[in-house]
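# Residue-level structure breakdown
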Amino acid sequence: MKEPLRITYRGIEPTPAIEAKIRERAARLDRYYDDIISCHVTVDTPHRSQVKAKLYDVRIDLVVKGAEIVVRREPAQHPEHTDLYVAIRDAFDAAKRRLQDHARRQRREVKVNEHPPRARVARIFPDEGYGFLETPDGREIYFHRNSVLNGAFDRLTEGTLVRYAEEQGTEGPQASTVALP
């Protein structure tokens with residue numbers, strides 16, 4: 001990091017152990033992205049109710065080359081954040097993922113969502129509850145009624161175009177998921 005780490009505490013007394021944990025996790029971020037300009041960590045206890053357990057909110061503001069990355073986990077959605085160390089861990093894990101994503105975008109290595117393969121229903125046996133798909137390369141793949149999403153098995157006929165996910169079954173290839181496009 002080019003600038004020193006800043007830590008702000010709200011509603012909580014800082015301890016050497018908490019500060020050491022934050023500094024350790026912040027130093028690790030340099031492994032995932034080597035051009036971090038600054039990092040500001042805010043530790044807060046926004047819920048001060050006497051009835052409920054205290055939930056910790058850890059916010060991380062990172063300034064990196066070309067962007068500002070803000071990580072904030074909503075404490076109400078994470079009941080395990082009654083433990084400050086868990087809240088710190090989760091926030092820094094999220095920051096790590098966001099830095100890795102930013103680095104991939106900068107290298108133009110963004111993941112491309114591949115479309116699931118398509119096939120046609122070659123044969124269907126409605127009374128027995130199974131059928132076979134024919135892939136564009138001419139292979140046949142078995143599928144069962146339970147593999148068809150949204151209860152659409154009864155709407156399938158020979159020639160119907162479907163999307164599928166393939167896996168190796170005990171007797172050859174089979175479709176683990178079949179869906180209408």
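Residues numbered from 1 in each chain as written. Predicted model: local features only at pLDDT ≥ 70, side-chain atom pairs only at ≥ 80, totals over all residues. Heavy atoms only, no water.

### Details of the packing of aromatic side chains
- Counting across every chain of the model gives 5 aromatic pairs.
- With 5.8 Å between their ring centres and 35 degrees between their planes, Tyr130 and Tyr142 make a pair best called tilted. On the criterion of sequence distance, the pair formed by Tyr130 in strand E6 (residues 130–134) and Tyr142 in strand E7 (residues 140–144) is long-range, its members being 12 residues apart.
- For Tyr130, a relative accessible area of 26% translates into the label partly exposed.
- Here a set of aromatic residues connected by ring pairs shows up, and it is made of Phe125, Tyr130, Phe132 and Tyr142. (Phe/Tyr/Trp six-rings, centres within 6.5 Å; stacked < 30°, edge-to-face > 60°. Helix = DSSP H or I, 4+ residues; strand = E, 2+ residues; numbered from the N terminus. Buried < 20%, exposed > 50% of the residue type's maximum accessible area, 1.4 Å probe, protein only.)

### Regarding the nonpolar core
- In this structure, Ile22, Val41, Ile60 and Leu62 are the most contacted members of the largest nonpolar core, which totals 29 residues.
- Mapped by element, the contributors of at least two residues to this core are strand E1 (6–10), helix H1 (16–28), strand E2 (36–44), strand E3 (57–64), strand E4 (67–72) and helix H2 (84–106).
- Counting residues per element, this core draws most heavily on H2, which supplies 9 residues.
- Those residues in contact with Val41 that lie beyond four places of it in its chain are Leu5, Arg6, Ile7, Thr8, Ile22, Val58, Arg59, Ile60 and Phe92.
- Grouped together as the second largest cluster of nonpolar side chains are 14 residues, Val121, Leu133, Val162 and Ala175 included. (Core = buried A, V, L, I, M, F, W, Y, C linked by side-chain atoms within 4.5 Å. Contact = heavy atoms within 4.5 Å.)

Function-wise, these values are silent; they only describe arrangement.
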